Amino acid sequence: MKKEDRPARYIKERKGYFSEAQVDRTKKESKKMSQRIRKEMSSKKVRAKAMSYFDDVMEYGGPRVAELEKFKKGGGKVVGTMCVMVPSELTYAAGARSIRLCSGYYECVHPANELLGDAGLCPMVKSTLGSEMVGANPITDLVDLVVTPATCDGKMKLAEILEDWVDVHIMNLPRVKTGDTTSKTWLAEIEFLKSRLEALTGRSIGKKDIIEQIELYNSAQEVYRDLLEHRKGRRVSITGQDAMLVAQASQMDDVRRWTKKVRELVLELDMMEREGRFVGEEGGARILLAGSPMIYPNFKIPSIVEDSGGTIITDELCTGIRLMSDPIVLESRTMRGVMEAIAEKYFYPCSCPCFTPNDERINRIKMSIKAFGAEGVVFHSLRGCHLNNLEATKIELELKSAGIPMLKLESEYDEGDVEQVRTRVEAFVEMLRARR
Amino acid sequence: MSADYKGRNIRPLRVVFQLGAFAFFIGQLLGLPPFGTEPVLRRVFLPNAACRYMNTAPTSCFYYQLQDSLAHGASDLFASALIMLLVVILLVLVLGRTWCSWLCPFGFVQELFSDLRELVGIPFLRMGFASRVLLRRVKYAILILTVLITVPLGISALGLAGCTGALSLPFCQVCPAKGFFTIFQQILGLEPWSTRLPLLAWASLLIFLGTNVFMRMPFCRICPMGGLMALFAGGSMIYLKKDPDRCTKCRICLRVCPMDHDRVYEEMGRIDVGGEDCTLCARCVEMCPEEGCLSLAAGPFVLVTSRPPKKVGLGRIFQRIRGNDR
Ligand code: SF4
Ligand code: SF4
Ligand code: SF4
Ligand code: SF4
């Protein structure tokens, strides 16, 4: 059913529900936030010049938005996703473009709070909803179809509420990976998504198209792995925030161009290291960042960590390295074989806390600690993110026996908690240094 | 120019072994003179070699010899059967089931069928857990049944020793290899077309060919020789090694495993994840995308280990020259 013919579930009169003034304020504040973060990130003493491309991609109403607007004028379709588990390969193979819809804008939380009155709900969910409702972010106007798996409760309900504004395709994600029906169910969902995308663009997806996209994404991953090598040394040439920004840009940008730009960035990082230009302080505490998603421009936690003498050298985030790990490995090249390869890549290696028992997450954290030489873990959950909160307990215990200290933080979508978080992070960094 | 992402490439080497073994077991392919009807080497047995019904093969199928010496065990109190068994156990303890994926001619044939299926584009059947487990048990059942039929024949007190013929080679009656290799020889002109196959052999050959249309390695899943080896392959010197600390649980290994050997994916404790149904084909090692996660190892030495897929072939060069635009 198209959204026009569907009775709204959460709102009766869409038009005029939010006042002009509020809409304007949300837009203005969001734009300001994007500008402020961009300024903060680009004013660092040492920063690769190639990073400004990625700033552009992520910027509020930036050049990427203009590009997509033009694409849409030519009849193109844009798919918005709210999770790493949606295979962009299929979207691109159908001739559409894919963008990440999750919102990191603080001001957008308020409209959702007004409508739902659920103060305890995850702020990222609320911000995404608010952004869509008031059209606060130009990218929301671009989206023809939202695709999201039913991961956590918040996202699942968000998808339902969003249907009042935009067409949504919810994927039935099995949350117990060990079940025997699991891989079949998820494969069927991926196949269903394929037909939905075909219907959207009116173009049937051939095996060749998919394989071409798979190779593009695999080569993107290959380059990103090169970038990660630059975070393993004693001193590093890229901040955790920048590395995260680059990873997130992959979900907004044309992947072919993205890969090229990352390759340029990697070359520049090589050069910076040869010239002895490094980011962060000498002897900064090496931090692994984990926990809830941190979507641009909500880079509060990493920016506090990196301003307090910590260096984020790796992460275990679905908004960070997880976006660019786990290649699709093709074996059988029948259509079924290709679809299976996609389905499994977007499911089994994913360490989202919505899965249970999810031991792979702790395994991944430990693996990264070893590979990147992390000294401590900062685990952050968004207020109301039960899944991450619960997993934090488990992970902390496990890390304790491995002798790795962990700092558990909680944050909201506002600036109110900055000072309190800063104090705790500073103490943690000091402690890590004292342990040496 | 299409480029491919590849991990390790082990199969070509394996095919060299398989072809070598195939040529050896069926020596005439290489233009070797026939060994005669009772070749000198006929007493030589290997865990899996040419079917006894390959007229000119230099060696002989172990399972044939096992059945034979069990059914005629009366004369030497099963001593020869036991010695044979010990030799094979030793061979398996050293080489593991490389006997299967690197040497067995019949396993090779099934792999070629898989290649053909892939070429034509027929997807294979993905079995659920229950069917996988069931098939796994069938091979042990066949093994036990073989022993239960042949041993009484060999116990002289039972007075059955006279009943030889079909009953003393129970599995050969239903083994699809018999039909396959007989017809194979007829096609090569090594065996006259006048040789007639028993009906049972025809039936099992047809079932074999039929299942190969939609299944990977259908016979290996129930092969009693594989079952016998599986009993001792758990601690072999050549083994499939997993570093669980590097495993991301991506499940690629299980997806590509032609034997649906669950343990390679499930196991997160033990280092040796082979044994049971794993024929050491190293497909999973080729495909596992994590550096050093899965390896083929011999004792303390790692022979080959997994790595992230890299662009190979011409595509790699194009990528260097033109950035990423292919
Ligand atoms: S029929 Fe089968 S069991 Fe008998 S000798 Fe041939 S391969 Fe071996
Ligand atoms: S399981 Fe049997 S048929 Fe298969 S490769 Fe091993 S010995 Fe040969
Ligand atoms: S392919 Fe490798 S990393 Fe993936 S589940 Fe298997 S062993 Fe683990
Ligand atoms: S587990 Fe690996 S080596 Fe063993 S049969 Fe399967 S793919 Fe081959």
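A quick note: this is a predicted structure, and the numbers were derived from the prediction, not measured.

S.K.: Looking at this structure, I do not really get the overall build of chain A. What am I missing?
M.R.: Along its length, chain A carries 17 helices and eight strands. The globule rule puts the C-alpha radius of gyration for 436 residues at 22 Å, and the 21 Å found for chain A is close to it. Dimensions along the principal axes, computed over C-alpha positions, put chain A at roughly 65 × 55 × 40 Å. Classification of the 436 residues of chain A by burial places 62% in the buried group. Looking at chain A alone, contacts between residues at least 24 apart form 76% of all its contacts between residues at least 6 apart. Summed over its atoms, the accessible surface of chain A is roughly 16,700 Å², and 52% of this surface lies on carbon and sulfur atoms. Separation of charge centres in chain A, based on 68 positive and 66 negative side chains, amounts to 2 Å.

S.K.: Please explain helix α12 (residues 255-274) of chain A as it appears in this structure.
M.R.: Each full turn of the α-helix corresponds to 3.6 residues, which orients residues three or four apart in the same direction. Residue and element names in this part refer to chain A. Given a rise of 1.5 Å per residue, 20 residues ought to cover 28 Å, and the 29 Å separating the end C-alpha atoms of α12 matches this to within 8%. Burial in α12 covers these residues: V255, W258, T259, V262, L265, V266, E268, L269 and M272. Lining the buried residues of α12 we find α2 (51-58), α10 (207-229) and α11 (240-249). Trailing α12 by a residue or two, G276 shows a phi angle of about 75 degrees, which is positive.

S.K.: In this structure, what is going on with the site of ligand 3? I would like to understand it.
M.R.: Taken together, 14 residues sit near ligand 3, with C247(B), C250(B), R251(B), C253(B) and C288(B) positioned nearest. Taken together, the residues of the shell around ligand 3 break down into nine nonpolar, one polar and four charged.

S.K.: Got a minute to help me understand the sheet that holds strand β5 (residues 294-298) of chain B in this structure?
M.R.: Neighbouring strands of a sheet are bound in pairs by backbone hydrogen bonds; such pairs are parallel or else antiparallel. All names here are of chain B. Taken together, the three strands give an open sheet; going across it, the order is β4-β5-β6, and neighbouring strands pair in antiparallel fashion. At either end of the open sheet lies a strand with only one pairing partner, and these are β4 (238-242) and β6 (301-305). Each strand of the sheet is rotated relative to its neighbour by a mean of 35 degrees, with strand direction disregarded. In this structure, β5 lies alongside β6, joined through four bridges in antiparallel fashion. When the sheet's bridge partners are listed, A298 is paired in β6 with F301.

S.K.: In this structure, what is going on with unusual backbone geometry? I would like to understand it.
M.R.: Generally, phi is negative for residues other than glycine and the peptide bonds are trans, each holding for most cases. The linkage connecting Y296(A) with the following residue, P297(A), adopts the cis geometry, with an omega of 0 degrees. Here P297(A) shows up in the loop between β5 (285-291) and α13 (300-307). P357(A) follows T356(A) through a cis peptide bond whose omega is 5 degrees. Along the chain, the position of P357(A) falls in the loop between α14 (335-345) and α15 (359-372). Residue N358(A) is not a glycine yet carries a positive backbone phi of 60 degrees. Within the secondary structure layout, N358(A) lies in the loop between α14 and α15. Positive phi outside glycine occurs at A282(B), with the angle close to 70 degrees. For A282(B), a relative accessible area of 3% translates into the label buried.

S.K.: Whenever I open this one, the nonpolar core confuses me. Can you help?
M.R.: Across soluble globular proteins, nonpolar side chains show a tendency to be buried alongside one another. Residues F54(A), Y224(A), L227(A) and L265(A) are the most contacted members of the largest nonpolar core, which totals 214 residues. At ten residues, the largest contribution of residues to this core is made by α10(A). Composition of this core by domain shows at least three residues from each of domain 1 (11-230) and domain 2 (239-324) of chain B. In this view, L265(A) contacts A48(A), A50(A), M51(A), F54(A), L227(A), I238(A) and V246(A); residues no more than four positions away in its chain are not counted. Counting residues in each nonpolar core, the second largest holds five residues, with V329(A), I252(B), V256(B) and M287(B) among its members.

S.K.: What's the story with the environment of M237(B) in this structure? I'm lost.
M.R.: Topologically, M237(B) is positioned in the loop between α10 (224-232) and β4. Counting along the chain gives 152 residues from M237(B) to L85(B), while the straight-line C-alpha distance between them is 18 Å.

S.K.: Would you mind showing me how to read the site of ligand 2 here?
M.R.: Residues and elements named next belong to chain B. Around ligand 2, a shell composed of N48, R97, C100, C104, G107, F219, C220, C223, G226 and M229 is seen. More than half of the atoms belonging to ligand 2 lie within 2 Å of the grid points that define the largest cavity. Across the shell around ligand 2, the residue classes tally to six nonpolar, three polar and one charged.

S.K.: Looking at this structure, how should I read the sheet that holds β5(A)?
M.R.: Residue and element names in this part refer to chain A. In spatial order, the strands read β6-β5-β7-β8; together these four strands make up an open sheet with parallel pairing. This sheet does not close on itself; its edge strands, each paired only once, are β6 (310-316) and β8 (406-411). If you compare each strand with its neighbour and ignore which way they point, the axes differ by 30 degrees on average. Where β5 and strand β7 (residues 376-382) come together, five bridges link them in parallel fashion. Note on β7: the bridge partner recorded for G291 is H380. Running over the sheet, helix α17 (residues 418-434) touches β5, β6, β7 and β8 and is turned about 170 degrees from β8.

S.K.: Help me understand empty space enclosed by the protein in this model?
M.R.: The method is simple in principle: a probe with the dimensions of a water molecule rolls over the atoms, and the space it marks as empty is what remains. Scanning all chains against the criterion turns up 13 cavities of 30 Å³ or more. Its boundaries defined by the atoms lining it, the largest cavity holds a volume of some 360 Å³. For the lining of the largest cavity, the class distribution of residues is 23 nonpolar, five polar and three charged.

S.K.: In this structure, what is going on with the domain arrangement of chain B? I would like to understand it.
M.R.: By a widespread convention, an interface's size corresponds to the accessible area lost as its parts come together. All names here are of chain B. One can read the domain layout of chain B as domain 1 (11-230) and domain 2 (239-324). Taken together, the contact between domain 1 and domain 2 spans 21 residues of the former and 16 residues of the latter. Together, the buried faces of domain 1 and domain 2 total about 1,600 Å²; carbon and sulfur atoms form 43% of this surface. Our count for the domain 1 to domain 2 interface comes out at seven salt bridges. Where domain 1 touches domain 2, the interface holds 17 residue pairs in polar contact (both at pLDDT 80 or more). Elements represented by at least two residues in the side of domain 1 that touches domain 2 include exactly α1 (11-25), α4 (98-103) and α6 (129-154). Grouping the amino acids of the side of domain 1 that touches domain 2 by side-chain chemistry returns nine nonpolar, three polar and nine charged.

S.K.: How should the packing of aromatic side chains be read in this particular structure?
M.R.: How two aromatic rings sit relative to each other is given by the distance of their centres and the angle of their planes. All chains considered together, the criterion is met by 26 aromatic pairs over all chains. Between Y63(B) and F171(B), the aromatic rings sit 5.4 Å apart at their centres with planes inclined by 85 degrees, giving edge-to-face as the arrangement. Of this pair, Y63(B) sits in helix α2 (residues 62-71) while F171(B) sits in helix α7 (residues 170-174); the two residues are 108 residues apart in sequence, bridging distant segments of the chain. Summarising the aromatic geometry, the rings of F113(B) and F208(B) are spaced 6.1 Å apart at their centres and angled 75 degrees between planes, so their arrangement reads as edge-to-face. On the criterion of sequence distance, the pair formed by F113(B) in helix α5 (residues 105-120) and F208(B) in helix α9 (residues 199-214) is long-range, its members being 95 residues apart. Under the relative-accessibility criterion, F113(B) is labelled partly exposed at 23%. In this structure an aromatic cluster arises from ring pairing among F22(B), Y63(B), F106(B), F108(B), F113(B), F171(B), F180(B), F181(B), F184(B), F208(B) and F219(B). Positioned above the aromatic ring of Y346(A), the side-chain terminus of K345(A) is 4.7 Å from the ring centre. Across the ring face of Y53(B), the terminal group of K178(B) is positioned such that the distance to the ring centre comes to 4.7 Å.

What counts, and at which threshold
- Here the residue numbers are simple positions, counted from 1 along each chain's written sequence.
- Both sets of labels track the order of writing: A upward for chains, 1 upward for ligands.
- In view of the model being predicted, local features appear only for residues whose pLDDT reaches at least 70, and side-chain atom pairs are presented and counted only at 80 or more, with totals across whole chains, interfaces and linings using the full set of residues.
- Side-chain descriptors were evaluated using all non-hydrogen atoms of the structure, hydrogens and water having been removed beforehand.
- Going along the chain from the N terminus, every DSSP run of H or I of four or more residues is numbered as a helix, and every run of E of two or more is numbered as a strand.
- For a compact globule the rule gives 2.2 Å times the number of residues to the power 0.38, and the radius of gyration it is set against comes from C-alpha atoms.
- Relative accessibility thresholds used throughout: buried, under 20% of the residue-type maximum; exposed, over 50%; partly exposed, between the two (1.4 Å probe, protein chains only).
- It only takes one pair of heavy atoms within 4.5 Å for two residues to be counted as in contact.
- To measure how exposed things are, a 1.4 Å probe is used in the Shrake-Rupley method; for residues, cover is taken only from the protein chains shown.
- Only four residue types enter the charge count, namely Lys and Arg as positive and Asp and Glu as negative; His and the chain termini do not.
- Here the site of a charge means atom NZ of a Lys, CZ of an Arg, CG of an Asp or CD of a Glu.
- Helices are assigned an expected span. That span is 1.5 Å times one less than the residue count.
- The near set for a molecule or strand comprises every residue that places at least one heavy atom within 4 Å of it.
- Under the scheme applied, nonpolar residues are Ala, Val, Leu, Ile, Met, Phe, Trp, Tyr, Cys and Pro; charged residues are Asp, Glu, Lys and Arg; polar residues are all the others, including Gly.
- Paired strands are those between which DSSP finds at least two bridges.
- What counts as an axis is a line fitted to C-alpha atoms, over the stretch in contact for a helix, and the angles between N-to-C directions run from 0 to 180 degrees.
- Among buried residues, those of type Ala, Val, Leu, Ile, Met, Phe, Trp, Tyr and Cys that are joined through side-chain atoms within 4.5 Å constitute a nonpolar core.
- Domain start and stop points were drawn from an automatic or database domain assignment.
- Cavity and pocket criteria rest on a 1 Å grid covering protein atoms alone: a 1.4 Å probe that fits but cannot get out defines a cavity, protein on both sides within 12 Å along at least 5 of 7 lines defines an open pocket, and an atom within 4 Å of a point defines a lining residue.
- By definition, a pocket or cavity contains a molecule when more than half of the molecule's atoms lie within 2 Å of the pocket's grid points.
- Grid points are joined across faces, edges and corners, and a volume is the space filled by probe spheres set on the points.
- Accessible area, probed at 1.4 Å, shrinks when two parts are joined; the buried area is that loss added up over both.
- Each salt bridge in this description consists of a side-chain nitrogen of Lys or Arg and a carboxyl oxygen of Asp or Glu lying within 4 Å of one another.
- Polar contact criterion, stated in full: a pair of N or O atoms within 3.5 Å, where within protein one must be able to donate a hydrogen and the other to accept it, and residues adjacent in sequence count only if both atoms are side-chain atoms.
- Only Phe, Tyr and Trp rings are paired, with Trp represented by its six-membered ring, and only when their centres lie within 6.5 Å; those with planes under 30 degrees apart are stacked, over 60 edge-to-face, the remainder tilted.
- Placement of a positive charge over a ring is assigned whenever Lys NZ or Arg CZ falls within 6 Å of the ring centre and within 35 degrees of the normal to the ring plane.

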